[in-house]
Amino acid sequence: MVEVVGVRFSDAGKVYYFDPDQTKVEKDQMVIVETNRGLEYGQVAVGNHEVENKEIVKPLRRLVRIATQSDIEKAEENEAKEKEAFDICLKKIEHHGLDMKLVRVEFAFDGNKATFYFTADARVDFRALVKDLAGVFRTRIELRQIGVRDESKMIGGLGICGRPFCCSTFLHDFHPVTIKMAKQQGLSLNPVKISGTCGRLMCCLKYEQEAYEELSRITPRAGAWVQTPLGRGTVLESNILTGKLKVRLDRYEDGLPEVFHRDEVKISRGKGDFAARKNQDED
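Keep in mind that what you see is a predicted model, and the values were worked out from it rather than measured.

As a further point, take the state of the cysteines. This model, assessed by the stated rule, comprises zero disulfides. Unpaired in this structure, Cys203 has its nearest cysteine sulfur neighbour in Cys167, at a distance of 5.7 Å. Accessibility expressed as a relative area gives 18% for Cys203, which makes it buried.

A few words on the sheet that holds strand E4 (residues 38-51). Each strand in a sheet pairs with another by means of backbone hydrogen bonds, the pair being arranged parallel or else antiparallel. In spatial order, the strands read E2-E1-E4-E3-E5; together these five strands make up an open sheet with antiparallel pairing. With partners counted over all chains shown, the strands left at the sheet margins are strand E2 (16-18) and strand E5 (63-66), one partner each. Each strand of the sheet is rotated relative to its neighbour by a mean of 45 degrees, with strand direction disregarded. By the bridge criterion, six bridges tie strand E3 (residues 30-35) to E4 in an arrangement that is antiparallel. Within E4, the residue paired with Val33 across the bridge is Glu40. Strand contacts of helix H1 (residues 69-96): E3, E4 and E5, with the helix running at about 125 degrees to E4, the strand carrying the most contacts.

Turning to helix H7 (residues 209-218), a few remarks are in order. Along an α-helix, residues three or four apart share an orientation, since each turn contains 3.6 residues. Residues of H7 that are buried: Gln209, Tyr212 and Leu215. When H7 is viewed along its axis, its buried side chains cluster within an angular range of 130 degrees and face the same direction. Away from its buried face, by an angle of more than 90 degrees, H7 presents the exposed residues Glu210 and Arg217. Close packing links the buried residues of H7 with helix H4 (179-184) and helix H6 (204-207).

Turning to the environment of His49, a few remarks are in order. Along the chain, His49 turns up in strand E4. A relative accessible area of 23% means that His49 is categorised as partly exposed. Distance in space between the C-alpha atoms of His49 and Leu158 is 34 Å, their sequence separation being 109 residues. If we skip the residues at most four places from it in the chain, His49 touches Val2, Glu3, Val4, Gly6 and Tyr17. Within the structure, the side chain of His49 is placed 2.7 Å from the backbone oxygen of Gly47, a separation counted as a polar contact.

What counts, and where the lines are drawn
- Residues numbered from 1 in each chain as written.
- Predicted model: local features only at pLDDT ≥ 70, side-chain atom pairs only at ≥ 80, totals over all residues.
- Heavy atoms only, no water.
- Disulfide = S-S within 2.5 Å.
- Buried < 20%, exposed > 50% of the residue type's maximum accessible area, 1.4 Å probe, protein only.
- Pairing = 2+ DSSP bridges.
- Helix = DSSP H or I, 4+ residues; strand = E, 2+ residues; numbered from the N terminus.
- Axes fitted to C-alpha atoms, helices over the stretch in contact; angles between N-to-C directions.
- Contact = heavy atoms within 4.5 Å.
- Arc of directions from axis to C-beta.
- Polar contact = N/O pair within 3.5 Å; in protein donor to acceptor, adjacent residues only side chain to side chain.

The structure is reproduced here in structure tokens:
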């Protein structure tokens, strides 16, 4: 086991482990840590705790110190510089006539590097832009092209459900999302209805999939034979979220279906429609 602290560098960013170096920290404290980009300013997501060695990405870099008032002021200065740099970069992009959309600017804590994130439909020759920006900010400049999902995560907004984007609030990583998931969850396959603001399939299809698979496993499907408190019958409709089943009972084949919860029924032998089972019973 290894003692670590979990630190993130943005509100919904991934949590990275650092060696606390005998420093005790608590959740939400601001700290200075060593990274491969130099010193960085971050927020404690998980205080001192132990994890298995296999969960560590080596080398495990160390926590330098709890952020001082001077560090906090420096971070605030960088934030102000980022807003200024964003406006300047927009003008430079327009001046060079580049087909790209600036998304965000980040300055390293020590100010030795500025990263400009952008989206574009194709490759962009931004060498002249880099030279201009380096001349203005007198620091190392990096332009990094990102995808539309990363753009949504950085900018944030409201989804079609009316809530803030999952990616910008609590999802730390993106995972593949497929049409098959939408089919298994009984959703409309209209791209407009199952796509997020970014234009890609909604992330919630992925993190809800496991629950749907489990509910689907324990919920009888339409056409299944089940034993109910009122006798045997055939499932006409099923709702895997509520667990409600509409069952046509054998004893009332011409009557209205009865509604049961999946916990009230047991799967009977085989599957098939009522007519097929009736013929089998007659034989």
